[in-house]
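# Structural characterization, general
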Amino acid sequence: MKLLHMEIHALAAIAVALVAVPAVAFAQTDEIQVYTGAIAEPGVFNLTWHNNFTPDGLKAPAFPGGLSNNRNLNGVTEWAYGVTDWFEAGLYLPLYSISDARGPSINGGKIRLLFAVPHADDRKFFYAANFEFSLNAKHWDPRRYTSEIRPIVGWHLHPFDIIVNPILDNSWAGGVKSLDFAPETRVAYNFNPKWAVAVEEYADFGKLRDILPAHQQFQQVYGVFDHSTKWVDIEAGVGIGVTAGTDKVTLKLMLSKDLNSKSTN
């Protein structure tokens, strides 16, 4: 019982730390994805390979010594494991880029903890929370350590899905009002279990205490399709920037596959 109380206190301390520290937004990203609350079944390993390429992006880096988004490929392999029917652990490694200025480069790594209502795919209303902790190379982010707090809420309305991720990015300094508000939204139409199309919107409004003017905000709208095959699940899309502070065109591709099945464990 004493050990249980210690674990509860430790979890509470972590939760307080997560919401008590801030972030500043930077333009680079390794994954472009709205989280749906779905997780791998207990005992199942999943691999998702993220890649996004910006053929027409911002030419100036977001900070001195940083990467420019223009004609830059960013990607990461995301390894996930279903621990229980409500908890999935993930590792992003390696994070990489291929850019005109630097050529191939390694950008760091992340760990992920995703807590979700069990069987989110089967529920009309679902919810989850994702926490990420990053170790960054200097050319990727001037802050060595950052994290992300990602609430997830959504509705499966058959055939439509509506999903919102009101993300708070965190740089571990400055208080709650310095958290960076970067919400993501997805509205999808499911033709059948194998095919879907969606509109996704990715935004960054800046710090909670200092919301950026509209023309400086990051606002990008994607047209997306999803297709499940026997071998791999595919998500691909084209994003168009709608403000001056946004890359004009970005392409994204995600390939996802369970590496084993529950029946083999």
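Structure's up top.
What you see is a predicted model; the values in this text were computed from it and never measured.

## A short note on the side chain of Arg-112
Within the secondary structure layout, Arg-112 lies in strand S4 (residues 103-116). When its relative accessible area of 2% is taken as the criterion, Arg-112 is described as buried. Side chain to side chain, Arg-112 and Glu-78 meet in a polar contact 2.8 Å long. Separated by 2.9 Å, the side chains of Arg-112 and Glu-88 make a polar contact. Those residues within four positions of Arg-112 in sequence are excluded, and the remaining contacts are Tyr-35, Glu-78, Ala-80, Glu-88, Ala-89, Gly-90, Tyr-92, Asn-130, Phe-131 and Glu-132.

## Details of a nonpolar patch on the surface
On the surface, a nonpolar cluster with roughly 1,100 Å² of combined accessible area is contributed by Phe-125, Tyr-127, Trp-155, Leu-157, Phe-160, Ile-162, Val-187, Tyr-189, Phe-191, Trp-195, Val-197 and Phe-225. Those elements that place two or more of their residues in the nonpolar patch are strand S5 (125-136), strand S7 (160-170), strand S8 (180-192) and strand S9 (195-204). Broken down by element, the residue count for the nonpolar patch peaks at three residues, all from S8. For Tyr-127, a relative accessible area of 46% corresponds to the partly exposed category.

## With respect to the pattern of salt bridges
Across all of its chains, the model carries 13 salt bridges by this definition. Between Asp-30 and Lys-110 there is a salt bridge, with its nearest N and O atoms 3.2 Å apart. Here Lys-110 lies in strand S4 and Asp-30 lies in the loop between helix H1 (2-19) and strand S1 (45-56), a separation of 80 residues in the sequence. Taking relative accessible area as the criterion, Asp-30 reaches 6% and is therefore assigned buried. Assessed through its relative accessible area of 7%, Lys-110 is described here as buried. With a closest N to O distance of 2.8 Å, Glu-200 and Lys-252 form a salt bridge. Separated by 52 residues along the polypeptide, Glu-200 in strand S9 and Lys-252 in strand S14 (residues 249-258) bring together distant segments of the chain. For Glu-200, a relative accessible area of 1% puts it in the buried group. Assessed through its relative accessible area of 4%, Lys-252 is described here as buried. Through salt bridges that share partners, Arg-186, Glu-200, Asp-226, Glu-235 and Lys-252 make up one connected network.

## Topic: the side chain of Asn-170
Within the element layout of this structure, Asn-170 appears in strand S7. Using a relative accessible area of 1% as the deciding quantity, one classes Asn-170 as buried. In terms of polar contacts, Asn-170 uses its side chain to reach the side chain of Ser-147, at 2.7 Å.

## Observations regarding the packing of aromatic side chains
For the structure shown, the criterion picks out twelve aromatic pairs. An aromatic cluster is defined as three or more aromatic residues linked by ring pairs; in this entry it consists of Trp-86, Phe-87, Phe-115 and Phe-131. Sitting over the ring of Tyr-92, Lys-110 keeps its end group 4.2 Å from the ring centre. Cation over ring: Lys-252 sits above Tyr-222, and NZ or CZ is 5.7 Å from the ring centre.

Analysis parameters
- Residues numbered from 1 in each chain as written.
- Predicted model: local features only at pLDDT ≥ 70, side-chain atom pairs only at ≥ 80, totals over all residues.
- Heavy atoms only, no water.
- Helix = DSSP H or I, 4+ residues; strand = E, 2+ residues; numbered from the N terminus.
- Buried < 20%, exposed > 50% of the residue type's maximum accessible area, 1.4 Å probe, protein only.
- Polar contact = N/O pair within 3.5 Å; in protein donor to acceptor, adjacent residues only side chain to side chain.
- Contact = heavy atoms within 4.5 Å.
- Patch = residues over 30% accessible without salt bridge, like charges linked within 9 Å, V, L, I, M, F, W, Y side chains within 5 Å.
- Areas by Shrake-Rupley, 256 points an atom, 1.4 Å probe, with all protein chains shown as cover.
- Salt bridge = Lys/Arg side-chain N within 4 Å of Asp/Glu carboxyl O.
- Phe/Tyr/Trp six-rings, centres within 6.5 Å; stacked < 30°, edge-to-face > 60°.
- Lys NZ or Arg CZ within 6 Å of the ring centre and 35° of its normal.

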